[in-house]
Amino acid sequence: MSAQSPTVDNASALIGFDELVGLLHAVFVKHGTSPQVAATLAHNCASAERDGAHSHGIFRIPGYLSTLASGWVDGQALPVVTDVASGFVRVDAGNGFAQPALAAARDVLVAKARSAGIALLAIHNSHHFAALWPDVEPFAEEGLVALSVVNSMTCVVPHGADRPLF
């Protein structure tokens, strides 16, 4: 009797949110991030996937891994949070990803918003902010209004135009 190889088809498999977060966490750690950075990135990517924004979900994993492998981004970076003023927080992401920088500042930012009525966070020295709503939703859950903006290259061509403007 010979052993048969299992057949694999191209069917999709569904896994739960927590399982996806755990899988992505393991992938990030294996490719050089700290467990803390991996947790933040895994939750962000899984949230995008869950919410149907596949362009910012697991589709992004090869890009994340290539930036880690090339050394372009530091997966071990520890963000440095600076309390600048009553309504202003600055974070040096240390050449790491922006999501852990935001996570490091979130509690102080919420406290400042409650105390001063408004708060601004400026993250610098960071890479790839990713989908923005997973980062602002926690503020909405706190009963706050949050806006997120990023700088980027012009890449969106408005209707009727012949070159990127936005």
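Residue positions are given per chain, counted from 1 along the sequence in the order it is written. Residues qualify for local features only when their pLDDT is at least 70, as the model is predicted, and side-chain atom pairs are given and counted only at 80 or more; totals for whole chains, interfaces and linings, by contrast, use all residues. Neither water nor hydrogens contribute to the side-chain values; these are computed over all heavy atoms in the structure.

Attention shifts here to the overall build of the protein. Where helices and strands are cited, they refer to DSSP runs of H or I of at least four residues and of E of at least two residues respectively, numbered from the N terminus. Scanning the protein from N- to C-terminus turns up five helices and three strands. Counting helices and strands in the order they occur from the N terminus, the protein gives α-α-α-β-β-α-β-α. Projecting the C-alpha coordinates of the protein onto the three principal axes gives extents of approximately 75 × 45 × 35 Å. Counting every position in the protein, which comprises 166 residues, the buried fraction comes to 31%. Two residues form a contact once any of their heavy atoms are found within 4.5 Å. Counting only contacts in the protein whose residues sit at least 6 apart along the sequence, the fraction spanning at least 24 positions is 55%. Exposure is judged per residue with a 1.4 Å probe applied to protein chains only, and the accessible area is read against the type maximum: over 50% gives exposed, under 20% gives buried, and values in between give partly exposed.

Here we come to the environment of Leu24. As for its placement among the helices and strands, Leu24 is situated in helix α1 (residues 17-30). As for Leu24 and Asn44, which are separated by 20 residues in sequence, their C-alpha atoms are 10.0 Å apart. When sequence neighbours within four positions are dropped, the list of residues in contact with Leu24 reads Ala42, Cys45, Ala46, Ile58 and Ile61.

A low pLDDT score tells you not to read the predicted coordinates there in detail. Predicted confidence across the protein gives a mean pLDDT of 89, with 93% of residues reaching 70 or more. The predictor rates its confidence in each residue with pLDDT, a number between 0 and 100. Mean pLDDT across the elements of the protein bottoms out in helix α5 (residues 133-141) (87) and peaks in α1 (97).

A few words on unusual backbone geometry. With a phi angle near 65°, Asn95 is a residue other than glycine that sits in the positive phi range. Its location among the elements puts Asn95 in strand β2 (residues 88-97). The exposure class assigned to Asn95 is partly exposed, which follows from its relative accessible area of 27%. The phi angle at Asn125 is positive, at roughly 60°, despite the residue not being glycine.

Put simply, the grid is 1 Å and covers the protein atoms alone, a cavity is a trapped set of points that fit a 1.4 Å probe, a pocket is an open set with protein on both sides within 12 Å along at least five of seven lines, and lining residues have an atom within 4 Å of a point. Grid points are joined across faces, edges and corners, and a volume is the space filled by probe spheres set on the points. This structure, assessed with the given rule, holds one cavity of 30 Å³ or more. Val37, Asp74, Gly75, Ala77, Pro79, Ala93, Gly96, Phe97 and Pro100 together form the lining of the largest cavity. Of all the elements, β2 adds the most residues to the lining of the largest cavity, at three residues.

On to the side chain of Asn44. As for its placement among the helices and strands, Asn44 is situated in helix α2 (residues 35-50). In this structure Asn44 touches Gln99, Ala130, Ala131, Pro134 and Asp135, once residues within four positions along its chain are discounted.

Note that Ser66 resides in helix α3 (residues 61-70). The class of Ser66 is partly exposed, set by a relative accessible area of 43%. The spatial distance from the C-alpha of Ser66 to the C-alpha of His31 is 9.3 Å, given a sequence separation of 35 residues.

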